[in-house]
Amino acid sequence: VSNMVAKLAKACTLRISPEKLNFIVSDKVANGGVSMWCELEQENFFSEFQMEGVSAENNEIYLELTAENLSRALKTAQNARALKVKLTNKHFPCLTISIELLSVSSSSRIVTHDIPVKVIPRKLWKDLQEPAVPDADVSIYLPVLKTMKSIVEKMKNISNHLIIEANLSGELNLKIETELVCVTTHFKDLGNPPTARDAAARDRDPAQMAEVHLDIRRLLQFLAGQQVGPTKAVCNIVSNKMVHFDLLHEDVSLQYFIPAFS
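Residues numbered from 1 in each chain as written. Predicted model: local features only at pLDDT ≥ 70, side-chain atom pairs only at ≥ 80, totals over all residues. Heavy atoms only, no water.

**Focus on the pattern of salt bridges**
Moving on, step 1. Overall, the coordinates contain 10 salt bridges when judged by the stated rule.
Moving on, step 2. The partner of Glu64 in a salt bridge is Lys118, and the shortest N-O contact between them spans 4.0 Å. With a gap of 54 residues between them, Glu64 in strand β4 (residues 61-66) and Lys118 in strand β8 (residues 118-119) connect regions that are remote in the sequence.
Moving on, step 3. A cluster of three or more residues bridged by salt bridges with shared partners is formed by Glu165, Lys175 and Glu177. (Salt bridge = Lys/Arg side-chain N within 4 Å of Asp/Glu carboxyl O. Helix = DSSP H or I, 4+ residues; strand = E, 2+ residues; numbered from the N terminus.)

Printed below as a string of structure tokens:
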């Protein structure tokens, strides 16, 4: 997870609460920035978990950190016997990661990483809440993300912009239009989530396309961050405004918002 987050964002916020951990990137979509909300149930990751927030009613901790630092520290823990994460104060606040590794002589050694963090004061928490998901014009299941990534990588050589369009008949197109060339990749029979079909039954022609123009690098960054194929991947298009990706991995849910190219 930390590896994926590091590919998606340079700095992120880690929100710690008794039940959940969230990685948050909250560039204002209105100003053209992407935003992300990644959620982990702590009980799926930790055998022991103790935390104490600001107060009983605000039992949360928000930390700002460099995602790459966390990812790098955890890489050394791949064959660890045990791993402990704690918030410490070593002249400045740190997320200290203690990793117990077994050596050849079967004695264990402890490797410690101190990751500098910034503790976010409570008055700024309101900007770091779960983003509201706008009503989509079209929701569609995504094709295999690896395939999509290799197509978008080739398209990047032709243009900086890309159009994603989809309809409620399970069709998704990736398009590039320049003065010299027009390239389109068609995906068919992807299926639409049940909620999308219900809404559509009322007032939208299933063949009608909803489209959004994106900065191709932002889409590629999102696709490159997906190390493991998700069990569910949905793309929600709000025509000419934004695209919202909703991914479910085994124990992790990820929401990622890319605004339309203005």
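Following the structure, the description resumes.
**Comments concerning the sheet that holds strand β10 (residues 161-166)**
Moving on, step 1. The four strands lie next to each other as β12-β11-β10-β13, forming an open sheet whose pairing is antiparallel. Looking at the sheet topology across the chains shown, the edges are occupied by β12 (182-187) and β13 (210-215). Averaged over all neighbouring strand pairs, the angle between strand axes comes to 20 degrees, with direction disregarded.
Moving on, step 2. As paired strands, β10 and strand β11 (residues 172-177) are joined by four bridges and run antiparallel to one another. Following the sheet pairing, Ile163 is matched in β11 by Lys175.
Moving on, step 3. Against the sheet, helix α3 (residues 145-155) contacts β10, β11 and β12, and its axis sits at roughly 10 degrees relative to β11. (Pairing = 2+ DSSP bridges. Axes fitted to C-alpha atoms, helices over the stretch in contact; angles between N-to-C directions. Contact = heavy atoms within 4.5 Å.)

**Details of the pairing of β12**
Moving on, step 1. Both β11 and β12 contribute to a ladder of six bridges, which runs antiparallel. By the bridge assignment, Leu174 is partnered in β12 with Thr185.
Moving on, step 2. Counting the residues that bridge the hairpin from β11 to β12 gives four residues.

**A short note on helix α5 (residues 216-224)**
Moving on, step 1. Within the span of α5, buried status applies to Ile216, Leu219, Leu220, Phe222 and Leu223. Taken end-on, α5 shows its buried residues confined to a sector of 160 degrees, consistent with a single buried face. (Buried < 20%, exposed > 50% of the residue type's maximum accessible area, 1.4 Å probe, protein only. Arc of directions from axis to C-beta.)

**Considering a negative patch on the surface**
Moving on, step 1. Taken together, the side chains of Glu19, Glu41, Glu43, Glu250 and Asp251 define an acidic patch exposed on the protein surface.
Moving on, step 2. Looking at the element boundaries, Asp251 is found in the loop between β15 (242-248) and β16 (252-259).
Moving on, step 3. Given a relative accessible area of 34%, Asp251 falls into the partly exposed group. (Patch = residues over 30% accessible without salt bridge, like charges linked within 9 Å, V, L, I, M, F, W, Y side chains within 5 Å. Areas by Shrake-Rupley, 256 points an atom, 1.4 Å probe, with all protein chains shown as cover. Lys, Arg positive; Asp, Glu negative; His and termini not counted. Charge placed at Lys NZ, Arg CZ, Asp CG, Glu CD.)

**Some thoughts on unusual backbone geometry**
Moving on, step 1. Within the chain, Asp189 stands out as a residue other than glycine whose phi angle is a positive 55 degrees.
Moving on, step 2. Residue placement: Asp189 occurs in the loop between β12 and α4 (194-203).
Moving on, step 3. Asp189 sits in the exposed class, given a relative accessible area of 72%.
Moving on, step 4. One non-glycine residue, Asn240, adopts positive backbone phi at about 60 degrees.
Moving on, step 5. For Asn240, the position within the fold is in the loop between β14 (232-238) and β15.
Moving on, step 6. Given the relative accessible area of 52%, Asn240 is considered exposed.

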